[in-house]
Amino acid sequence: ILIFTLISPLYLFEISFIPQNQIDNSYILSGLIQFSTIYSKINTLNTGLTVIIVFVIAYLLGHFIKVFSIIFYEFMVTIFDKSINSLVNLILANIKTSLNKCFNNKMLDNNIYKYLIIILSPLRNLLNKIFSFKSPDYILDNEDLRKSCISTINDRLKMNYPDKWYSIYKLSSIINSQENIKSLSSNFLAKYNSYRSLSFVFLLLSIYYYYLFKSLSTTIPPELEKINPIILTFSLLMWLTFHIKFKRYWMLCGNEILISLFYYLNKRNFNGN
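Remember, predicted model here, so these are calculated numbers, not experimental data.

*Asks:* Please clarify how the overall build of the chain should be interpreted in this entry.
*Replies:* A tally of regular secondary structure across the chain gives 12 helices and 0 strands. Its helices and strands taken in sequence order, the chain reads α-α-α-α-α-α-α-α-α-α-α-α from the N to the C terminus. Relative to the compact-globule value of 19 Å for 273 residues, the chain shows a C-alpha radius of gyration of 26 Å, a clear excess of over 25%. Considering only C-alpha atoms, the chain reaches an extent of 75 × 60 × 25 Å along its principal axes. Counting the 273 residues in the chain, one finds 34% classified as buried. A total accessible area of about 18200 Å² is found for the chain, and carbon and sulfur atoms account for 64% of it. Of the side chains in the chain, 26 bear a positive and 15 a negative charge, and the two mean positions are spaced by 5 Å.

As structure tokens, then:
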């Protein structure tokens with residue numbers, strides 16, 4: 001997807017008609033010209049060699065995308081989830097407390113307030129999905145299952161097994177493999193990695209196309225100028241789609257791991273033994 005998008009301007013614009021001074025003043029246009037030259041040389045090769053070259057480039061780019069998507073989201077978790085979002089929640093909580101005092105602690109019982117909370121909850125949920133970059137490790141309603149698993153493991157092994165999610169995750173993964181327990185965790189994990197990478201790709205593409213059209217603002221044909229907002233909107237919507245989906249599948253993966261471990265530890269009880 002990334003390779004296809006990077007070369008798509010070669011089909012949208014006539015690169016040879018771009019003034020040289022405009023190319024010299026834009027890193028994107030300069031890179032696009034160089035990419036066009038390389039792309040033309042690759043096209044002159046035989047089909048088999050072309051496929052191998054494209055496959056190798058895609059393979060290397062795939063590793064780049066996966067690693068830097070992890071780094072990017074770690075930074076976003078620090079900036080938003082651990083900083084900005086926490087500050088916003090604190091401010092909203094203080095505002096809520098102040099308003100409640102103004103209404104003599106009767107605001108929460110007011111029907112209008114309850115109605116507004118219901119009406120605005122979809123918007124709040126959407127904003128939370130957009131500006132949160134970390135997902136729970138599992139559905140929080142299953143917290144009792146995690147505690148039960150740790151307690152059962154400690155009772156059987158006579159030890160203090162680490163109450164850390166990674167330790168629970170790895171133990172459950174090994175048990176699933178060794179005991180042939182059917183679980184969708186591997187499928188969900190693959191989707192999580194794929195969707196996180198795609199989210200990062202479409203965010204890069206939004207930035208790429210924004211600066212590309214900005215660099216071509218004086219020479220781009222009017223009919224192509226009209227598709228600029230369409231491409232940017234599409235890229236941002238795709239980013240949002242995969243941004244939401246990758247977090248969901250991380251939670252679903254963890255939930256599968258937790259439930260399968262709980263099932264294994266209590267299998268005898270399920271079978272009535």
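This is not the end of the story, as more comes after the structure.
*Asks:* Would you explain the side chain of T5 in this entry?
*Replies:* The residue T5 is located in helix α1 (residues 2-7) in this model. Relative accessible area serves as the criterion here: at 9%, T5 is assigned to the buried category. Setting aside residues up to four positions removed in sequence, T5 forms contacts with L205, Y208 and Y209.

*Asks:* How should I be thinking about the packing of aromatic side chains in this particular structure?
*Replies:* Summed over all chains, the structure comprises 20 aromatic pairs. Look at Y210 and Y211: their rings are 5.0 Å apart centre to centre, the planes differ by 85°, and that puts the pair in the edge-to-face class. According to the relative accessible area criterion, Y211 is partly exposed, its value standing at 42%. Taken together, the ring pairs in this structure connect F72, Y73, F80, F131, F133, Y138, W165, Y169, Y192, F200, F246 and W250 into an aromatic cluster.

*Asks:* Explain the packing of helix α9 (residues 185-215) against helix α11 (residues 228-265) here, please?
*Replies:* Helix-helix packing: each pair is described by the crossing angle between the helix axes and the interaxial distance. Where α9 contacts α11, the axes come no closer than 7 Å and their chain directions differ by 160°. Judged by the angle between their axes, α9 and α11 are roughly antiparallel. Seen from above, α9 lies across α11 with left-handed handedness. Of the residues that constitute the contact of α9 with α11, the class distribution is 24 nonpolar, 6 polar and 4 charged.

*Asks:* What should I look at first to understand the side chain of T50 in this one?
*Replies:* With respect to the helices, strands and loops of the structure, T50 is situated in helix α5 (residues 47-102). Owing to a relative accessible area of 17%, T50 belongs among the buried residues under this scheme. Beyond its immediate stretch of four places on either side in the chain, T50 contacts I42 and L45.

*Asks:* Quick question: what am I supposed to make of the environment of N154 here?
*Replies:* If you trace the backbone, N154 turns up in helix α7 (residues 143-157). With sequence-adjacent residues up to four places away left out, N154 is seen in contact with M159, N160 and Y161.

*Asks:* Just checking my understanding: could you explain the state of the cysteines for this structure?
*Replies:* What we call a disulfide is simply a covalent bond connecting the sulfur atoms of a pair of cysteines. By the definition in use, this model includes 0 disulfides. Of all cysteine sulfurs in the structure, the one in C253 sits closest to C149, which takes part in no disulfide; the separation is 15 Å. For C149, a relative accessible area of 2% puts it in the buried group.

*Asks:* Which parts of the structure should I look at to understand the nonpolar core?
*Replies:* Across soluble globular proteins, nonpolar side chains show a tendency to be buried alongside one another. Core analysis: the biggest nonpolar cluster contains 40 residues, and F133, W165, W239 and L261 have the highest contact counts within it. Where this core is concerned, the elements lending two or more residues are α5, α7, α8 (165-178), α9 and α11. Ranked by residues supplied to this core, first place goes to α11 with 11 residues. In this structure F133 touches Y73, M76, V77, F80, D81, W239, H243, F246 and K247, once residues within four positions along its chain are discounted. In terms of nonpolar packing, the next biggest core, distinct from the first, is built from 17 residues, I7, I23, F213 and L232 among them.

*Asks:* What exactly am I supposed to notice about α8 here?
*Replies:* At 3.6 residues per turn, the α-helix brings residues three or four places apart onto the same side. Taking 1.5 Å of rise per residue, the 14 residues of α8 would be expected to cover 20 Å, and the 20 Å separating its terminal C-alpha atoms lies within 8% of that figure. Where α8 is buried, its residues contact α7, α9 and α11. Just downstream of α8, N180 is the residue with a positive phi angle, here 55°.

Criteria and cut-off values
Here the residue index of a chain counts from 1 through its sequence in written order. Since the coordinates come from a predicted model, pLDDT governs what is reported: local features require at least 70, and pairs of side-chain atoms require 80 or more to be given and counted, while whole-chain, interface and lining totals use all residues. The basis for every side-chain value is the complete set of non-hydrogen atoms in the structure, without hydrogens or water. Helix and strand labels come from DSSP, where a helix needs a run of H or I of at least four residues and a strand needs a run of E of at least two; each type is numbered from the N terminus. Restricting the calculation to C-alpha atoms gives the radius of gyration, and the globule rule supplies 2.2 Å times the number of residues raised to the power 0.38. For the exposure calls, accessible area comes from a 1.4 Å probe over protein chains only, and a residue counts as buried if that area is under 20% of its type's maximum, exposed if over 50%, partly exposed in between. Each accessible area is a Shrake-Rupley estimate made with a 1.4 Å probe; only the visible protein chains count as cover when residues are assessed. A residue counts as positive if it is Lys or Arg and as negative if it is Asp or Glu; His and the chain ends are not included. To locate a charge, take NZ of a lysine, CZ of an arginine, CG of an aspartate or CD of a glutamate. By definition, residues are in contact when any of their heavy atoms lie within 4.5 Å. Between rings of Phe, Tyr and Trp, where Trp is taken as its six-membered ring, a pair exists when centres lie within 6.5 Å; planes separated by under 30 degrees are stacked, by over 60 edge-to-face, and by other angles tilted. Axis lines are fitted to C-alpha atoms, over the contacting stretch for helices. Their N-to-C directions set the angle, which ranges from 0 to 180 degrees. An angle counts as roughly parallel when it lies under 35 degrees, as roughly antiparallel when it exceeds 145, as roughly perpendicular when it falls between 65 and 115, and as oblique in every other case. Crossing chirality is assigned from the near helix's rotation relative to the far helix, an anticlockwise turn below a right angle marking it left-handed and a clockwise turn marking it right-handed. Throughout this entry, Asp, Glu, Lys and Arg are counted as charged residues, while Ala, Val, Leu, Ile, Met, Phe, Trp, Tyr, Cys and Pro are counted as nonpolar. The remaining residues, Gly among them, count as polar. Criterion for a disulfide: a pair of cysteine sulfur atoms within 2.5 Å. Think of a nonpolar core as a cluster: buried Ala, Val, Leu, Ile, Met, Phe, Trp, Tyr and Cys residues, connected wherever their side-chain atoms sit within 4.5 Å. Any helix carries an expected span of 1.5 Å times its number of residues minus one.

None of this, on its own, says anything about what the molecule does.
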